[in-house]
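One-letter residues, chain by chain:
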Amino acid sequence: MHFTHCYNSLQAASEILIPVPELRDLRQAALQRLAAEVALPLARLEAEFDGDAQRELLLFGRDGHKYVLLGMGTDYQPHRLVRVLRHYVSRKRHTLGPVVAVELRHVPTADQMEWAGAAVYGIGLGIYRYELLKTTPQQAFPLEAPTACIELLCATNGEAVVDTATREWRLAQAMHRVFDLVHTPSNIKTPAWLAEQAAAAAQRAGFEVKVYETQALQQMGMHALLAVGQGSPHAPHLIVMEHRPAQATQKVGLVGKGITFDTGGISIKQAQNMHLMKSDMSGAAALIGIMEAAAILALPVHLIGVVPAAENAVDGKALKPGDVIHSYSGKTIEVIDTDAEGRLVLADALSWVVRQHRPDQLVDIATLTGSCIRALGTEAAGLWSTNDALAEALIEAGNHTGERLWRMPLWDDYFEYLKTDVADIKNLGSKPMAGAITAAKFLEYFTEDHPAWAHLDIAGMALKQDDFGHDRMATGFGVRLLLHWLRQHVV
Ligand code: BES
Ligand code: MN
Ligand code: ZN
């Protein structure tokens, strides 16, 4: 993919995409230049196109150019442009290109760089497809041709725009691989396979990876992770990724749930939608994407990404309800429900990373509870944190990237639900309510009182039914969010 920057002239673009907001001033600015080119009075054009979200209008200019107006609604932010272009491109990608222009000259000059990046990222996501298991060769889209080009029409520094575009295109490619990880079926996606993928990402992008297998895990005392995986022929793995730039002053620990398939175990799930549980490693996939992006962006922060990977299987050797297991922290856990496995593997990973690496800030990301989906639906992920500044920074990052977070409480009253007579803690609350909160309280118990820990429950966000797939597709939720947080609030 090539990128060019133009200010006054259009080059060979087959289509010029113009994001148009509903907001009056910006709408006029977007339409003004176009009105002259298509020889229509501005008022006529404005009457025809209000910039309403999801609206599209196709016009041919006197110069033969094809203009596509894309309604942005009132939410005029770069993450909105990502969405709008991703949708447009995913629907038109068989015919669109190979040279596409995006008009951004109506955007305030100071913001144009970010908008140009968002445009490229959105187009990059729009050409995504999962094709690794199709036996008929897929025809390449014109935008995938070696000569393909995105022309960015903006007034800011040309060279910097091209640099930004190149970087955002690479980030979109990294996101394709995050999607692939989630879409890969679990007969292929074992914990060992996930570890190989992390190693491949590390090779590509340039970060370090260390993988711990059964024997090492036993020596380390990762009893909870081992217990969750004990019913599966595919042994658990602990994947530790590290991005360690010389100039870093902050150390951030990230933990991502890596259940490669969640049957529920002996507390087996019902069959409907169980196939979607191949996505129970979406936190891990996001983490691998973040590590790769951190390397691409040369983020000056020391990152330690920990993925406890296991398959939660049904088997004679599997964990049973009522079993009491040990954990890395030394605390014992009564397993009331084997389907509450995520918190078990996260418990070991959290206390391990705190003890071994002493991160300044600690964030985990997990498809943890159906309860969180019932509370927030598919519009926001749940956020729990012991630290107000961290929580606020994450919320800001969520609003900026469109990967929204909603904070929930960690009051100790909820910890009462996890008390048991036979172990230090149990993995399921005694009341059939506040399930996402008690899960968070369970995790908190294993963070060794870390002063800056946050937990993101992305169960409702990892997959989404969109018009670019037949079934629910991976969203990569958390990658943009945490990258923005790292860049704006940590370094
Ligand atoms: N992976 C699931 C949570 C989940 C559910 C993610 C639906 C995405 C969509 C998790 O391991 C789980 O099974 N949670 C149980 C916990 C319960 C047994 C306490 C749940 O939410 O039902
Ligand atoms: Mn489960
Ligand atoms: Zn799970």
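Residues numbered from 1 in each chain as written. Chains lettered and ligands numbered in written order. Predicted model: local features only at pLDDT ≥ 70, side-chain atom pairs only at ≥ 80, totals over all residues. Heavy atoms only, no water.

## Some remarks on the side chain of E341
Where we set the bar: Each helix is a run of DSSP H or I of at least 4 residues and each strand a run of E of at least 2, with the numbering of both proceeding from the N terminus. Relative accessibility thresholds used throughout: buried, under 20% of the residue-type maximum; exposed, over 50%; partly exposed, between the two (1.4 Å probe, protein chains only). N or O atoms closer than or at 3.5 Å make up a polar contact, with two conditions inside protein: a donor-capable atom paired with an acceptor-capable one, and, for residues adjacent in sequence, both atoms drawn from side chains. Residues are treated as being in contact if the distance between any of their heavy atoms lies within 4.5 Å.
Position of E341 relative to the elements: it lies in the loop between β13 (333-334) and α10 (342-357). Classification of E341 as buried rests on a relative accessible area of 1%. A polar contact is formed between the side chain of E341 and the side chain of K257, at a distance of 3.1 Å. Setting aside chain neighbours within four positions, we find E341 in contact with V228, K257, I259, D262, D280 and N312.

## Focus: the site of ligand 1
Here is the rule: What makes a residue near a molecule or strand is one non-hydrogen atom of that residue sitting within 4 Å of it. Accessible areas in this description were obtained via Shrake-Rupley with a 1.4 Å probe; residue shielding takes into account the shown protein chains only. Side-chain classes follow a simple rule in which Ala, Val, Leu, Ile, Met, Phe, Trp, Tyr, Cys and Pro form the nonpolar group, Asp, Glu, Lys and Arg form the charged group, and the remainder, Gly included, forms the polar group.
Taken together, 16 residues lie near ligand 1, and K269, D280, D339, E341 and G370 sit nearest. Within the contact set of ligand 1, an oxygen atom lies 2.9 Å away from a side-chain nitrogen or oxygen of E341. Protein chains shield 79% of the accessible area of ligand 1, which is 520 Å² for the free molecule. Looking at the shell around ligand 1, its residues break down into five nonpolar, three polar and eight charged.

## A closer look at the sheet that holds strand β1 (residues 2-6)
Here is the rule we go by: Here a strand pair is declared whenever DSSP counts at least two bridges between the two strands. Only C-alpha atoms enter the line fits that serve as axes; for helices the fit covers just the stretch in contact. Angles between N-to-C directions range over 0 to 180 degrees.
With respect to topology, six strands assemble into an open sheet ordered β1-β6-β5-β2-β4-β3, the strand pairing being mixed. Either end of the sheet is taken by a strand with one partner, and the two such strands are β1 and β3 (56-60). Within this sheet the neighbouring strands show an average axis-to-axis angle of 20°, counted without direction. Of the pairings in the sheet, the one linking β3 to strand β4 (residues 66-71) comprises five bridges and is antiparallel in character. If you follow L58 over to β4, its bridge partner there is V68. The strands touched by helix α1 (residues 24-37) within the sheet are β2 (15-20), β3, β4 and β5 (99-103), with β2 carrying the most contacts at an inclination of about 150°.

## A few points about the coordination of the manganese ion (ligand 2)
Threshold: Note that water is not among the atoms used; donors are N, O and S atoms within 2.8 Å of the metal (3.2 Å for Na, K and Ca), so sites may look incomplete. A site with four donors is called tetrahedral when every donor-metal-donor angle falls between 85 and 135 degrees; four donors are called square planar, and six octahedral, when opposite donors sit more than 155 degrees apart and all other angles fall between 65 and 115; any other arrangement is irregular.
Listed as protein donors to the manganese ion (ligand 2) are D262 (OD), D339 (O), D339 (OD) and E341 (OE); their distances from the metal cover 2.1 to 2.2 Å. Of note is the manganese ion (ligand 2), whose six donor atoms meet at the metal with angles of 71 to 169° in an arrangement that counts as irregular. Written as a sequence motif, the donor arrangement for the manganese ion (ligand 2) is D-x76-D-x1-E. Taken as a pair, the manganese ion (ligand 2) and the zinc ion (ligand 3) show a spacing of 3.2 Å, with D262 coordinating each metal. On the basis of relative accessible area, D339 is assigned to the partly exposed category, the value being 23%.

## Quick word on the domain arrangement of the protein chain
For clarity, the threshold we go by: Marked domain ranges trace back to an automatic or database domain assignment. Note: buried area is the sum, over both parts, of the accessible area (probe 1.4 Å) each one loses when the two are combined. Salt-bridge detection follows one rule: a side-chain nitrogen of Lys or Arg within 4 Å of a carboxyl oxygen of Asp or Glu.
For the protein chain, the assigned domains read domain 1 (2-176) and domain 2 (186-490). When each unit is reduced to the centre of its C-alpha atoms, the spacing between domain 1 and domain 2 is 36 Å. Opposite the 17 residues of domain 1 that make contact, domain 2 presents 19 residues. Summed over both partners, the interface of domain 1 with domain 2 comes to about 1600 Å²; 59% of that surface belongs to carbon and sulfur atoms. On the domain 1 side of the interface with domain 2, the three residues burying the most area are H79, L171 and M175, jointly 28% of the side's total. Joining domain 1 to domain 2, the criterion identifies two salt bridges. Across the pair D466 and R83 runs a salt bridge, and its minimum N-O distance is 3.3 Å. The interface formed by domain 1 and domain 2 holds three residue pairs in polar contact (both at pLDDT 80 or more) in total. For the side of domain 1 that touches domain 2, the secondary-structure elements that each account for two or more residues are α3 (78-92), α4 (112-126) and α5 (158-183). In terms of residue class, the side of domain 1 that touches domain 2 is made up of six nonpolar, four polar and seven charged.

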